Amino acid sequence: MIKSNTRAILYLQLCLVSFLLGDTLLKMLFNSIPTGQLVWFRTLASILALLIFIVSTGRMHLLRTSNPAQHVFRSLFFGLISVGYYLSVKYFPLSAVAAALAGAPILIAAISPFILGEKANKIQWIATISGFIGVCFVLRLDAEGFSWVYISLLSLPFSYAVLILWGRKLSKTDSDWAINFYQFIPLLIAASFWEQDQWIPISSLQLAGMLVSGTAGAIGFMLLIAAFRIAKPVVIAPFEYSYILMALAVDVLFWHLIPDTLICIGITLIVLCGIIQGWQSNIDNTDNTDNTDNTDNTDNTDNTDNTDNTDS
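Residues numbered from 1 in each chain as written. Predicted model: local features only at pLDDT ≥ 70, side-chain atom pairs only at ≥ 80, totals over all residues. Heavy atoms only, no water.

Draft legend 1. Fine view of the nonpolar core. Counting residues in hydrophobic clusters, the biggest one holds 77 residues, and the most contacted among them are V97, L224, I236 and I244. If near-sequence neighbours (up to four positions away) are discounted, I236 is found in contact with N5, A8, I9, L12, A227, F228 and A231. (Core = buried A, V, L, I, M, F, W, Y, C linked by side-chain atoms within 4.5 Å. Buried < 20%, exposed > 50% of the residue type's maximum accessible area, 1.4 Å probe, protein only. Contact = heavy atoms within 4.5 Å.)

Pasting the structure below:
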């Protein structure tokens, strides 16, 4: 049987691959489709993909929620931060966006003890901080060119961390399907008014690209929520750093980005962070297994003692 931490890390990597597919198509489509139109079609594709699967598998009951107000506020928050995300993908390399998002794990490690009561040990903190330093090397923003677009990019770590922890907290009472489905609705409504006067006729190829991109995004969020539901954020969050490697490969392949020395140093730190966290997660699993075994042995001993007393 696959351990919970290992399964969560697997879900996370599949999530990142799905996100990368969606983001790559998204960045390509920005060259020919107005932003508002692209966001609307992509969001609609995400909602339809989720709805079709939920209805076809008889899971409509999973959309019921005991926290409607929490879903309203979280979905509004998701719509707001999505604007910054789309602007970042449009104007920056995917590796820069990935580096900004990778700043979230250190915030998750810092926030989760207060929100979820889950703490990291010293080695996990060192690994997370080292990974964040690597993120800074990769990101390396130009201070002279600072603008609102840069603010959108810099806001991603905080907003992404809050979104993940909020989703994990909701997952204790609501299904992953409900959490993922409701978050897209305010964004769809807002996007329908975004640059509406600039919308253009689209080809079947462009439509297919937007539908695939939106579906990949929805699948990615489902896997993301599932990953953070079954394992501690402080354990699996640093593995999100691998997304930078994936995004950098896409930048090199499609947009001919050439990594320099600082990027290579940053990536090395990020990889080391992932290795250390993987080692720590295995130790945690082993300790938990040992504690469970010791508890079982104690219970068995107590039962044996009680049997002996009865016989006497």
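Text resumes after the structure shown.
Draft legend 2. The pattern of salt bridges, seen in detail. Enumeration over the complete set of coordinates arrives at two salt bridges. Salt-bridge contacts for D23 lead to R42; the nearest nitrogen and oxygen are separated by 3.9 Å. Of this pair, D23 sits in helix 1 (residues 4-29) while R42 sits in helix 2 (residues 35-56), placing them 19 residues apart in sequence. A salt bridge links R229 to D176; the shortest N-O distance between them is 3.0 Å. A residue pair is termed long-range when its members are at least 10 positions apart, and R229 in helix 10 (residues 204-230) and D176 in helix 8 (residues 176-182) qualify at 53 residues. Its relative accessible area of 10% is what places D176 among the buried residues. (Salt bridge = Lys/Arg side-chain N within 4 Å of Asp/Glu carboxyl O. Helix = DSSP H or I, 4+ residues; strand = E, 2+ residues; numbered from the N terminus.)

Draft legend 3. Spotlight on empty space enclosed by the protein. By the definition in use, this model includes two cavities of 30 Å³ or more. Its boundaries defined by the atoms lining it, the largest cavity holds a volume of some 420 Å³. Lining the largest cavity are 25 residues, with F19, Y85, L101, Y160 and F221 sitting closest to its centre. For the lining of the largest cavity, the secondary structure elements donating two or more residues are helix 1, helix 2, helix 3 (68-91), helix 4 (94-101), helix 7 (148-170) and helix 10. Among the elements that make up the lining of the largest cavity, the one with the highest residue count is helix 3 (five residues). Looking at the lining of the largest cavity residue by residue, the class counts come to 17 nonpolar, five polar and three charged. Counted as a void, the second largest cavity has a volume near 90 Å³. The wall of the second largest cavity is formed by R74, L163, I164, G167, R168, Q183, F221, L224, I225, F228 and R229. If you list the elements that add at least two residues to the lining of the second largest cavity, you get helix 7 and helix 10. (1 Å grid on protein atoms, 1.4 Å probe; cavity = no way out; pocket = protein on both sides within 12 Å on 5 of 7 lines; lining within 4 Å. Points joined across faces, edges and corners; volume = space filled by probe spheres on them. Nonpolar A, V, L, I, M, F, W, Y, C, P; charged D, E, K, R; others polar.)

Draft legend 4. Molecular detail of the layout of surface pockets. Computed from the structure, the second largest pocket encloses a volume of approximately 160 Å³. Every residue lining the second largest pocket is listed: A49, L50, F53, W177, T215, A218, I219, M222, L223 and A226. Of the residues assigned to the lining of the second largest pocket, the class counts are nine nonpolar, one polar and no charged.

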